[in-house]
Amino acid sequence: MAKILNVRGRRVWDSRGRATVEAEVIVGRGATPLASGRAIAPAGASTGSGEAKNIDVRKAVEHVNGVMRKALLTARVEDQAAIDRKLIELDGTRDKSRLGANAIVAVSLACAHAAAAAAKKPLWRYLAGNKPVALPVPQIQIYGGGAHARGSVDLQDYMLVCIGAGSFSEALEWTAEVYRAAGARLAKRNRLAGVADEGGWWPAFKSNEEGLAELVGAISDAGFEPGRDCAIALDVAATQLLRGGRYHLSLENRSLSAEQMQAMLLRWLEAYPIVSIEDPFAENDVAAMKAFTKAAGDKVQIVGDDYFVTSEQKLRAAGGACNTVLLKPNQVGTLSETLACWNASRELGYRAIVSARSGETEDVSIVHLAVGWGVPQLKVGSFSRSERMAKWNEGLRIEEALGGKQLIYPARRLFGRRKS
Ligand code: PGA
Ligand code: ZN
């Protein structure tokens with residue numbers, strides 16, 4: 001048993017050059033420091049209105065060094081539930097806006113790291129206990145759009161899922177090939193405008209559908225079979241598109257009713273090897289989300305991000321909307337609440353994906369959460385920029401520690417082998 005001896009907050013910088021909160025927790029037996037843990041809060045750009053709220057970073061750091069430190073001194077660091085309860089009570093708001101979600105998530109995660117360090121275990125092993133573990137299946141962004149690329153395309157993420165890969169490391173090998181092929185295709189046609197916030201190519205497409213056709217082309221160019229080796233996952237982030245009851249596709253200069261949007265997505269599901277669609281409708285468009293899930297939920301993952309905001313309560317009230325939940329610790333604020341959402345998803349028969357934010361850092365906690373909790377999918381952004389690669393590389397280290405290729409890798413179980 002280790003007790004919290006000190007909690008420290010500091011202002012650091014994220015992948016968009018914006019300030020964020022780092023927390024450090026020092027623990028010991030008696031008064032002697034024994035171990036420490038550190039974590040940094042990420043930040044979203046296309047946030048759901050139900051998310052826990054970040055506050056001014058200087059203020060958040062003051063809270064970490066002041067009231068939060070005071071409340072946690074001498075607490076048992078292994079008792080994550082009690083720590084998180086204390087933070088929630090101390091904050092006292094529904095949306096964590098007093099202490100700040102950025103302060104709370106950094107401290108909550110730093111406590112978990114410190115507990116694992118005191119137990120002399122990597123965080124994934126500390127969380128998993130004696131349970132068998134596996135590496136998650138990555139969803140990796142190839143093109144970035146929406147709020148992460150000033151609307152270059154309306155859809156936010158065109159992602160690759162290596163459904164035929166036999167291991168995490170093989171999925172990364174294949175992704176590297178497809179990512180490069182996709183960039184080369186854009187460059188050749190003079191359509192490459194740089195990289196977006198999560199490291200995916202910033203494309204100059206003429207339509208949203210062009211991105212689907214291009215991604216299929218890139219998969220083939222890289223020598224893989226679309227729909228058999230590699231498939232597509234989309235994040236529509238549709239909350240960003242809804243204005244005045246219609247979904248606006250600015251790139252195509254048109255707007256769609258929910259019914260038209262559904263018809264377009266269903267057509268895409270027929271025409272392209274898509275295995276997952278996130279936020280296909282806006283966070284408050286409950287009827288459309290339910291109708292779409294009814295129409296396509298047996299064929300494809302329908303993922304609630306803004307729609308569920310990692311809230312166990314919202315997931316329990318889903319009433320047939322979506323079949324998969326995105327787990328973002330900073331969306332709800334604490335590790336315990338994120339875990340509660342994951343536990344609820346299993347109980348309710350929903351799939352789950354651990355996810356990074358568009359504003360990230362070298363912090364690799366989410367990889368440990370996915371492995372340690374046994375969440376079988378992980379979304380981190382693209383295959384460039386070190387805040388993304390740090391996470392993929394951490395996954396490789398864990399895979400190696402687990403004995404590499406003999407591990408069970410859930411891609412084929414999750415997605416089967418689909419026909420092209
Ligand atoms: P955000 O986007 O981090 O900007 O909210 C990520 C996502 O939509 O999954
Ligand atoms: Zn999303």
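Note that the coordinates shown come from a computational prediction; the quantities given were computed from them, not determined experimentally.

Conventions and cut-offs
- Every chain is numbered on its own, with residues counted from 1 as its sequence reads.
- Chains carry letters and ligands carry numbers; both start at the beginning, A for chains and 1 for ligands, and go up in the order they are written.
- Per-residue local features of the predicted model are confined to residues with pLDDT of at least 70, and side-chain atom pairs are confined, for both listing and counting, to 80 or more; whole-chain, interface and lining totals are unaffected and use all residues.
- The basis for every side-chain value is the complete set of heavy atoms in the structure, and neither hydrogens nor water enter the calculation.
- Helix numbers and strand numbers start at the N terminus; a helix is a DSSP run of H or I with at least 4 residues, a strand a run of E with at least 2.
- Whenever two N or O atoms come within 3.5 Å, that pair is a polar contact, provided that in protein one can donate a hydrogen and the other can accept it, and provided that, for residues adjacent in sequence, both atoms are side-chain atoms.
- Throughout, a residue-residue contact means that at least one pair of heavy atoms, one from each residue, lies within 4.5 Å.
- To obtain an axis, a line is fitted to C-alpha atoms, over the contacting stretch when the element is a helix, and the angle between two such axes runs from 0 to 180 degrees between their N-to-C directions.
- Any angle that falls under 35 degrees is termed roughly parallel, while one over 145 is termed roughly antiparallel, one within 65 to 115 roughly perpendicular, and all others oblique.
- Should the near helix be turned anticlockwise from the far one by less than a right angle, the crossing is termed left-handed; should it be turned clockwise, right-handed.
- Charged means Asp, Glu, Lys or Arg here, nonpolar means Ala, Val, Leu, Ile, Met, Phe, Trp, Tyr, Cys or Pro, and polar covers whatever is left, Gly included.
- Note: metal donors comprise N, O and S atoms at 2.8 Å or less from the metal (3.2 Å for Na, K and Ca); water molecules are not included, so apparent gaps in a site are possible.
- Remark: exposure states derive from per-residue accessible area (1.4 Å probe, protein chains only) relative to the maximum for the residue type, with buried under 20%, exposed over 50%, and partly exposed in between.
- Domain limits in this description derive from either an automatic procedure or a database domain assignment.
- By convention, the term buried area covers the 1.4 Å-probe accessible surface removed from two parts as they join, with the contributions of both added.

K.L.:
Looking at this model, I keep getting lost on the side chain of serine 384. Mind explaining?
P.N.:
Looking at the secondary structure, you find serine 384 in the loop between strand 16 (377-382) and helix 13 (386-401). A polar contact of 3.2 Å, which involves the side chain of serine 384, links it to the side chain of tyrosine 179. Separated by 2.9 Å, the side chain of serine 384 and the backbone oxygen of glycine 199 make a polar contact. What serine 384 contacts, discounting residues up to four positions off in sequence, is Tyr179, Glu198, Gly199 and Met389.

K.L.:
What exactly am I supposed to notice about the packing of helix 5 (residues 168-188) against helix 6 (residues 208-221) here?
P.N.:
The description of two helices packed together rests on the angle between their axes and the distance between the axes. Running from N to C, helix 5 and helix 6 point in directions that differ by 120°, and their axes come no closer than 8 Å. When the interaxial angle is binned, helix 5 and helix 6 end up oblique. Crossing angle aside, the handedness with which helix 5 passes helix 6 is right-handed. Note on element contacts: helix 6 touches helix 5 through Glu214, Leu215, Gly217, Ala218, Ile219 and Asp221, opposite Val178, Ala181, Ala182, Arg185 and Leu186. Of the residues that constitute the contact of helix 5 with helix 6, the class distribution is seven nonpolar, one polar and three charged.

K.L.:
Got a minute to help me understand the coordination of the zinc ion (ligand 2) in this structure?
P.N.:
Reference values for angles at a metal are 109.5 degrees in the four-donor tetrahedral case and 90 or 180 degrees in the six-donor octahedral case. Donor atoms from the polypeptide that coordinate the zinc ion (ligand 2) comprise Asp235 (OD), Glu278 (OE) and Asp305 (OD), at 2.0 to 2.2 Å from the metal. Here the donor residues of the zinc ion (ligand 2) share one chain and are spaced in sequence as D-x42-E-x26-D. Of this pair, glutamate 278 sits in strand 12 (residues 274-278) while aspartate 305 sits in the loop between strand 13 (301-304) and helix 9 (312-316), and the two are 27 residues apart along the sequence. Glutamate 278 sits in the buried class, given a relative accessible area of 1%.

K.L.:
Help me out: how do you make sense of the domain arrangement of the protein chain in this one?
P.N.:
When its domains are assigned, the protein chain resolves into domain 1 (3-120) and domain 2 (137-415). If you average the C-alpha positions of domain 1 and of domain 2, the two centres end up 28 Å apart. Listed as interface residues are 31 residues of domain 1 and, on the opposing side, 29 residues of domain 2. Taking both sides of the interface into account, the surface hidden between domain 1 and domain 2 amounts to around 2,400 Å²; carbon and sulfur atoms contribute 50%. For the interface between domain 1 and domain 2, the tally reads 20 residue pairs in polar contact (both at pLDDT 80 or more). Secondary structure elements with two or more residues in the side of domain 1 that touches domain 2: strand 3 (32-40), helix 2 (80-91) and helix 3 (101-118). In terms of residue class, the side of domain 1 that touches domain 2 is made up of 14 nonpolar, 11 polar and six charged.

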